[in-house]
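# Coordinate inspection notes
The primary structure of each chain is shown beneath.
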Amino acid sequence: EEEGEKTLRSPICCIMGHVDTGKTKLLDCIRRTNVQEGEAGGITQQIGATYIPADNIRERTKELKADAKLNVPGLLVIDTPGHESFKNLRSRGSGLCDIAILVVDIMHGLEPQTIESLNLLRMRNTEFIVALNKVDRLYGWKVCRNAPIGKAMKLQSRDVQLEFEHRLTQIITQFKEQGINTELYSKNKERGETYSIVPTSAISGEGIPEMLLLLVQWAQKTMVEKLTYSNEIQCTVLEVKVIEGLGTTIDVVLVNGVLHEGDEIVVCGFQGPIHTTIRSLLTPHPMKELRVKGAYIHHKEIKAAQGIKITGQNLEHAVAGTALYVVGPDDDVEEIKESVMDD
Ligand code: GTP
Ligand code: MG
Ligand code: NA
């Protein structure tokens, strides 16, 4: 490797916000999937993970002609539930991510779980952008499917533009009341001090290009250290589930390092440490949601960052939210077993 040239891993981006602000729908729009319509009651009840390859980001942002020099392999997006009863899952998601999208419904402004999410992000000093979603609900909105929001906004009537400005100003004030400076992304020159707001519609796709570009540019610009790939395994268990034909599986987020089929692993269990072997390493196809059952790709090995389904024996009592360890050739298994239970 050349001096100064670093291999970056994919940034992990958590999507957070109040219930029904459109978090899953925004991901559906990016993925061109229909996950949200398949959810019981339209409510997300698990953490999800989707890998978006750089090529898809390039394709989706090309109209911006921003010459987005992408030097990350992609983006791993973590979907979280907004329902108030899932604070633990929001906390787990926000604990894993490098950057976040805080989704606010333009018709509702800040709501209780918006503020709760904001506080989780603040607590960990996580950078985020605000997606001001459902702009298509502004009265008289002219749909410009998947267009950059800059372009779409210019095509709106004066009335729509005024209503937008009015709601935006109110929401900026609501953020200020929480001690947070925000500004429309196109006016936000100082970034870092002031968080950017990107208007979006998850239904007609306006603003998705800017949202993706802003995320990746910001991550690449400010997180090179954090995103530099390292061999040290950093891996968290998201969910434990039984899948027909596979038995009990664990969904994990691999933040750093490489996992291999056959790796000896230790995870925290409700009845003591679980020491087992990775039977198979599975991922959904790129642009597909890990939490939705579908066709899996089998891997001999897989490099971070990724959302992965692991099959193996004895995983039924694994504790979601805890770390997964790989037993290296020089490691003392007993020591690792002790440390997993401390998590
Ligand atoms: P939870 O995960 O349950 O917290 O909800 P969520 O934030 O993921 O919202 P979800 O994607 O489930 O969307 C909630 C509802 O809002 C659905 O009926 C969506 O169709 C609708 N919706 C989401 N985004 C938009 C949007 O941009 N415009 C309009 N008009 N409706 C939207
Ligand atoms: Mg959802
Ligand atoms: Na919902």
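Before going into details, it helps to say that this report is about the structure given with it. (Residues numbered from 1 in each chain as written. Chains lettered and ligands numbered in written order. Predicted model: local features only at pLDDT ≥ 70, side-chain atom pairs only at ≥ 80, totals over all residues. Heavy atoms only, no water.)

What follows covers the state of the cysteines. The tally for this structure, following the rule as stated, stands at zero disulfides. Summary of cysteine pairing: Cys29 is not part of a disulfide, and the nearest cysteine sulfur, belonging to Cys144, is at 13 Å. Judged by its relative accessible area of 11%, Cys29 falls in the buried class. Between Cys268, a cysteine without a disulfide, and Cys235, which holds the nearest cysteine sulfur, the sulfur-to-sulfur distance is 14 Å. (Disulfide = S-S within 2.5 Å. Buried < 20%, exposed > 50% of the residue type's maximum accessible area, 1.4 Å probe, protein only.)

Ideal geometry at a metal centre gives angles of 109.5 degrees when four donors are arranged tetrahedrally and 90 or 180 degrees when six donors are arranged octahedrally. Donor atoms from the polypeptide that coordinate the sodium ion (ligand 3) comprise Asp20 (OD) and Gly42 (O), at 2.2 to 2.3 Å from the metal. In this structure, the sodium ion (ligand 3) is positioned 4.5 Å from the magnesium ion (ligand 2). Highlighted residues: Asp20 in the loop between β1 (12-17) and α1 (23-31) and Gly42 in the loop between α1 and β2 (48-53), separated in sequence by 22 residues. (Donors = N, O, S within 2.8 Å, 3.2 Å for Na, K, Ca; no water. Helix = DSSP H or I, 4+ residues; strand = E, 2+ residues; numbered from the N terminus.)

Two pairing modes exist for strands in a sheet, parallel and antiparallel, and in both the strands are linked by backbone hydrogen bonds. Pairing is mixed in the open sheet, where seven strands are placed in the order β2-β3-β1-β4-β5-β7-β6. Each of the sheet's edge strands pairs with one partner strand only, and the pair in question is β2 and β6 (182-184). Along the sheet, successive strands turn relative to each other by an average axial angle of 30°, direction set aside. Here strand β4 (residues 99-105) pairs with strand β5 (residues 127-133) via seven bridges, running parallel. Paired with Val104 across the bridge in β5 is Leu132. Running at roughly 150° to β1, helix α3 (residues 87-96) makes contact with β1 and β3 (74-79) of the sheet. (Pairing = 2+ DSSP bridges. Axes fitted to C-alpha atoms, helices over the stretch in contact; angles between N-to-C directions. Contact = heavy atoms within 4.5 Å.)

Taken together, 22 residues surround ligand 1, and among them Lys23, Gln36, Thr44, Asp136 and Ala202 come closest. Measuring from an oxygen atom of ligand 1, one finds a backbone N or O atom of Thr24 at 2.9 Å. Contacts to ligand 1 include Gln36, whose side-chain N or O atom sits 2.8 Å from an oxygen atom. Here ligand 1 has 640 Å² of accessible area as a free molecule, and 86% of this is covered by the chains. No other element matches α1, which puts three residues into the shell around ligand 1. When the residues that make up the shell around ligand 1 are grouped by side-chain class, the tally is five nonpolar, 11 polar and six charged. (Near = heavy atom within 4 Å. Polar contact = N/O pair within 3.5 Å; in protein donor to acceptor, adjacent residues only side chain to side chain. Areas by Shrake-Rupley, 256 points an atom, 1.4 Å probe, with all protein chains shown as cover. Nonpolar A, V, L, I, M, F, W, Y, C, P; charged D, E, K, R; others polar.)

So, about the packing of aromatic side chains. This model, assessed by the stated rule, comprises one aromatic pair. A centroid spacing of 4.0 Å and a plane angle of 10° characterise the contact between Phe128 and Tyr195, whose relative ring orientation is stacked. Of this pair, Phe128 sits in strand β5 while Tyr195 is found in strand β7 (residues 195-199), placing the two residues 67 residues apart along the sequence. Comparing Phe128 with Tyr195, the two get one shared label, buried. Sitting over the ring of Tyr229, Lys303 keeps its end group 4.3 Å from the ring centre. (Phe/Tyr/Trp six-rings, centres within 6.5 Å; stacked < 30°, edge-to-face > 60°. Lys NZ or Arg CZ within 6 Å of the ring centre and 35° of its normal.)

On the protein side, the magnesium ion (ligand 2) has Thr24 (OG1) and Thr44 (OG1) as donor atoms, found 2.0 Å from it. Residue class for Thr24 comes out buried when judged on its relative accessible area of 4%. Look at Thr44 and you get buried, because its relative accessible area is 8%.

Within α3 the residues assigned to the buried category are Leu89, Arg90, Arg92, Gly93, Ser94 and Leu96. Those residues of α3 hidden inside the fold are in contact with β1, β3, α4 (112-123), β8 (234-243) and β9 (247-256).

The strand order β12-β11-β17 describes an open sheet built from three strands, whose pairing is antiparallel. At either end of the open sheet lies a strand with only one pairing partner, and these are β12 (274-277) and β17 (324-326). Direction aside, neighbouring strands of the sheet carry axes that sit 30° apart on average. Here strand β11 (residues 264-267) runs beside β12; their pairing, made up of four bridges, is antiparallel. Residue Val267 lies in a different strand from β12, and its bridge partner there is Ile274. Its contacts with the sheet put helix α9 (residues 333-342) on β11, β12 and β17, and the angle it makes with β11 is roughly 30°.

A few words now on the nonpolar core. Within the largest apolar cluster, 100 residues are counted, with the highest numbers of intra-cluster contacts made by Ile101, Phe128, Phe164, Phe175, Leu259, Ile310 and Leu324. Ranked by size, the runner-up nonpolar core spans seven residues in total, among them Val266, Val319, Val327 and Val340. (Core = buried A, V, L, I, M, F, W, Y, C linked by side-chain atoms within 4.5 Å.)

The next thing to look at is the environment of Ser10. Following the sequence through the fold, Ser10 ends up in the segment before β1. Looking at Ser10, the relative accessible area reads 1%, which means it is buried. Put simply, Ser10 and Asn71 are 61 residues apart on the chain and 9.1 Å apart in space, counted from C-alpha to C-alpha. The residues touching Ser10, leaving out its near neighbours within four places in the chain, are Tyr51, Pro73, Gly74, Leu75, Leu76, Asp98 and Ala305. Side-chain polar atoms of Ser10 contact the side chain of Tyr51, separated by 3.3 Å. A distance of 3.3 Å separates a polar atom in the side chain of Ser10 from the backbone nitrogen of Gly74.

Let us look at the pattern of salt bridges. In the structure shown here, the tally under the stated rule is 19 salt bridges. For the salt bridge of Asp55 with Arg58, the shortest nitrogen-to-oxygen distance reads 2.6 Å. Here Asp55 pairs with Arg58, and both are found in helix α2 (residues 54-61), just three residues apart, close to one helical turn. The exposure class assigned to Asp55 is exposed, which follows from its relative accessible area of 54%. Here Asp251 makes a salt bridge to Lys241, at a shortest N to O gap of 3.0 Å. Of this pair, Asp251 sits in strand β9 while Lys241 sits in strand β8, and the two are 10 residues apart along the sequence. Note on accessibility: Asp251 and Lys241 belong to one class, buried. Each member of the salt-bridge network shares a partner with another, and the members are Asp28, Arg31, Glu39, Asp79, Glu289 and Arg291. (Salt bridge = Lys/Arg side-chain N within 4 Å of Asp/Glu carboxyl O.)

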